[in-house]
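Descriptive analysis of the structure
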Amino acid sequence: MNEHSRILEHEKLNIAEPLSDADLRLPAMVPREPFPIETLTPDARQQTRAVGQRATRPDGRLHGLGQTKYIDDLSFPGMLYARIKRAGIASARIKRIDTSAAEAMPGVMAVLTGKEIPTNTFGPTFQDQPVLVDEVVFHAGDGVAAVAAVTEQIANEALDKIVVEYEPLPAVLDPVAAMREDSPKVHAPDSNIYATKVIRKGDVEKGFAESDRIFEARFSTQMIEHVSLEPHAAIADWDANGRLTIYATIGRITLARSDMARTLKMPMSRIRIVATIVGGNFGGKNEITQEPALALLSKKTGRPVKGVFTRGEEFTSTTTRHPIIMDYKTGVTNKGRILARQIRLVLDGGAYCSWSSTTLGKACILSPGPYKIDNVLAEAFVVYTNKTMTGAMRGFGAPQVCFAYESHMDDIAKALGIDPLEIRLLNAFDEGSSSPTGQVLHSVVVKETLRKAADRFGWEPRS
Amino acid sequence: MKQRGRGIACMWYPIGFTVDANPSAATVKVNEDGTATVLTGTVETGQGSLTVLGQIAAEALGIATDDVHVVSADTDTTPMDTGAIASRTTYVTGNAIWLAAEAAKAILFETAAPMLGVKVSQLEAKDRKIQVKNYPQRNVSIAQVAHRSQVVLGQPAIGSASWNPPTVAMDPETGQGKPFATYVYATQIAEVDVDDETGEVEILRIAAAHDCGTAINPMLVEGQVEGGISMGVGMALQEEMLFDANGRHINPNLTNYIMPTSLDMPEITVDIVQGYDPTGPFGAKGVGEPTAVPTAAAVLNAIHDAVGVRVTSLPATAEKVLAAIKAKRATEQKQIPA
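Residues numbered from 1 in each chain as written. Chains lettered and ligands numbered in written order. Predicted model: local features only at pLDDT ≥ 70, side-chain atom pairs only at ≥ 80, totals over all residues.

1. Thoughts on the domain arrangement of chain B
Interfaces are often described in size by the accessible area the parts lose on coming together. All names here are of chain B. Let me state the cut-off plainly: Marked domain ranges trace back to an automatic or database domain assignment. We call two residues in contact when their backbone-placed C-beta atoms lie within 7 Å.
Taken as a whole, chain B is organised into domain 1 (2-14 + 181-334) and domain 2 (17-161). For domain 1 and domain 2, the distance between their C-alpha centres works out to 38 Å. Taken together, the contacts link 15 residues of domain 1 with 14 residues of domain 2.

2. A word on the nonpolar core
What tends to happen in soluble globular proteins is that the nonpolar side chains get buried as a cluster. Going by this rule: For our purposes the nonpolar core covers buried Ala, Val, Leu, Ile, Met, Phe, Trp, Tyr and Cys residues that link as a set through C-beta atoms within 7 Å. A residue is called partly exposed when the number of other C-beta atoms within 10 Å of its own lies between 12 and 20, exposed at 12 or fewer, and buried at 20 or more, with C-beta atoms placed from the backbone. Helix numbering and strand numbering both begin at the N terminus, where a helix is a DSSP run of H or I of at least 4 residues and a strand a DSSP run of E of at least 2.
Within the largest apolar cluster, 245 residues are counted, with the highest numbers of intra-cluster contacts made by A:Val147, B:Ala57, B:Ile97, B:Leu108, B:Val299 and B:Ile303. For this core, the element with the highest residue contribution is helix H2 (residues 89-116) of chain B, accounting for 15 residues. If we skip the residues at most four places from it in the chain, A:Val147 touches A:Ala82, A:Arg83, A:Ala102, A:Val108, A:Val111, A:Ala155, A:Ala158 and A:Leu159.

3. Notes on the sheet that holds strand S2 (residues 92-98) of chain A
All names here are of chain A. Basically, it comes down to this: Strands qualify as paired when DSSP identifies two bridges or more between them.
Spatially, the 3 strands line up as an open sheet ordered S4-S2-S6, and their pairing is antiparallel. Sheet topology places strand S4 (136-137) and strand S6 (163-168) at the edges, where each strand pairs with a single neighbour. Where S2 meets S6, 6 bridges bridge the pair, whose relative direction is antiparallel. What sits directly across from Ala92, in S6, is Pro168.

4. Here's the deal with the interface of chain A and chain B
Rule in force here: Ten residue types, Ala, Val, Leu, Ile, Met, Phe, Trp, Tyr, Cys and Pro, are classed as nonpolar, four, Asp, Glu, Lys and Arg, as charged, and the remainder, Gly among them, as polar.
With 108 residues of chain A at the contact, the number on the chain B side is 112 residues. The dominant element in the side of chain A that touches chain B, judged by the number of residues it contributes, is helix H13 (residues 446-457) of chain A, at 9 residues. Residue composition of the side of chain A that touches chain B, grouped by class: 46 nonpolar, 35 polar and 27 charged.

5. Things to note about the domain arrangement of chain A
Residues and elements named next belong to chain A. For chain A, the domain assignment lists domain 1 (82-168), domain 2 (175-225 + 320-457) and domain 3 (233-313). One C-alpha centre belongs to domain 2, the other to domain 3; they are set 36 Å apart. Across the boundary between the two partners, domain 2 contributes 6 residues, which contact 5 residues of domain 3. Of the residues that constitute the side of domain 2 that touches domain 3, the class distribution is 3 nonpolar, 2 polar and 1 charged.

6. Looking at helix H11 (residues 398-416) of chain A
Residues and elements named next belong to chain A. We apply this condition: Expected helix span is taken as 1.5 Å per residue step, with the number of steps being one fewer than the number of residues.
Relative to the 27 Å expected for 19 residues at 1.5 Å per residue, H11 spans 26 Å between its end C-alpha atoms, a close match to the ideal helical length. Buried residues dominate H11, accounting for 15 of its 19 residues. Phi turns positive one or two residues past the end of H11, at Gly417, with a value near 70°.

Structure, rendered in structure tokens:
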């Protein structure tokens, strides 16, 4: 007891010295000695100050021992297994769905179609995505019906018994063709261009006129899937009081709850979303997917319902990274200083908006690169196509435009005979530089990262 | 024959949403033994964010990482959070937790000031103690203060707060505005071998220098950089979803959609560039997404340096690189004078 503190006897802490972490943990499932799984820096978690410490993750031990409980490790009494029938056709009108043979199968407890969903649209920007399509198929990965059965095998077999008759519609697959006015419309009657962005700073024409050299190039990137180790998975439990609990592998529970409230027409107070340990997100688990369907199957059956996507569904039925066609035109002095840059980006938005307008904005703002350029014109368009929807993925368009502006930079450097490191140091932002949107930037260390990486790599200019 | 090349790429990347509000709220409860519980609506998606958030709370309260337990991701119990997106967790959720911890600490200080016979403004929390600034001998344990606050004074040390990054809307005509509160910067340099007979590219090493403001946990920053580079490697050389003429995805499996494995990974060195952002919790910004941004650009520049061909569409598969090498040779042969 510190002599300066005035603490009365009866106020004294009545807590025994706690046991150590090692005493409180469960024993490992593997012998401790041959497999040193103890932390590399055992003291880091005990240090004060806490910031700056190489503290180990408390979940790391559970992951290492295989004891982490993902959705697929959870089970509830009476739980059913859901599967979703996928359209398999990129663009079509649904003429008829016959679920009677599937419903008659022993072990099938419920079948759900899009027409039964109270509000069959969702999406973070535009609510253009159905939970299960009811009239028109927008891409081949769309769900047309969901089944809940006592085993996953029966649910799978039931999918084959569901008969869907389609009237094929023309599919739009090329984003540039989709921009033409005479192109078939993915979400008729609106234009396929569903969002645009412009950044205009200075006067690019004047900048080009003052430039010694002008360089032009086109770059393009591919569609990429997040490929999280754990697929999209959820369990829905609709209880007798009409309160819904969703256990889901989702990175944004607040948004998920509002999407659930919208699609199910339920007050938020009746919905509980619990995100379990998420086995990889990378932007792919930022919104709901099958959760409203699972909830309604649970409501129909009065039993908890689990749904786990297959790897195939991960690819065809969830969001992906935007392919972007990127046109760059850059005016420079002979010494390598960039005077003007004009950029045009066309993003393949896939069948639904999802996070496309965010990706569009970030790609457009970042597209000139981390460089001081007085004259910038960047225009970006995102268009619907009848393909897997593109959405949030690590970098929101930044890896694509970085590939373009940095490839372009090296081509300029080579043509002017300047070292690639030097031309970047010549143009890079400084503290207080103005960004393409006119923002004064603070804590800018791009040149420090260039010098540090060059030092570590051993970068020497070549004559 | 294998040709060696090097390529550099730098980048900038913003933290948080573009203009739109993306708030986080948090509650910090100091238990009566001096440990603490943090409630946050964000989700651990494998990046170690809960560890970092616990470290921020611990730092603000002057206790150790191990003293803090973070409860997350339950809409019934945890305060709202915009979630694990836009590299915002350390910066935005971190600021909310820091403010909530400060609010809880203010209650502890009110209790401690008369115990130590000084004013609240003279106190600091450090090494699991509340002590008088510049006179650390006069101190009392946080456990003792928290216990007294709750059990004697009936004033449990619980703080709640929210934070939203300040932005300025963009002009619709010119895009001028302040879309983000802060940005991070990075450079990666790649060294590759390109086989000029097969077009195959092997990435030998990558030097990565990343800014994240203060590195709350340098080990987890390094983990993010290595993970981001693996995504960048896939984007540069391998991964591509392919569709047939009817719009059906033709490689929806890991047999035909090729991803990098540990065997494809280059040797990586990570440097965390010293930085401090006064708007972030203890100077921190973020690091999640930017790690995947410059890799493909650096690799493609290295391919160009090695064999002199510019591949303008990703991924730079062996077929594509070889076709570009052959096309270059064809034009070079034409230039030979007769």
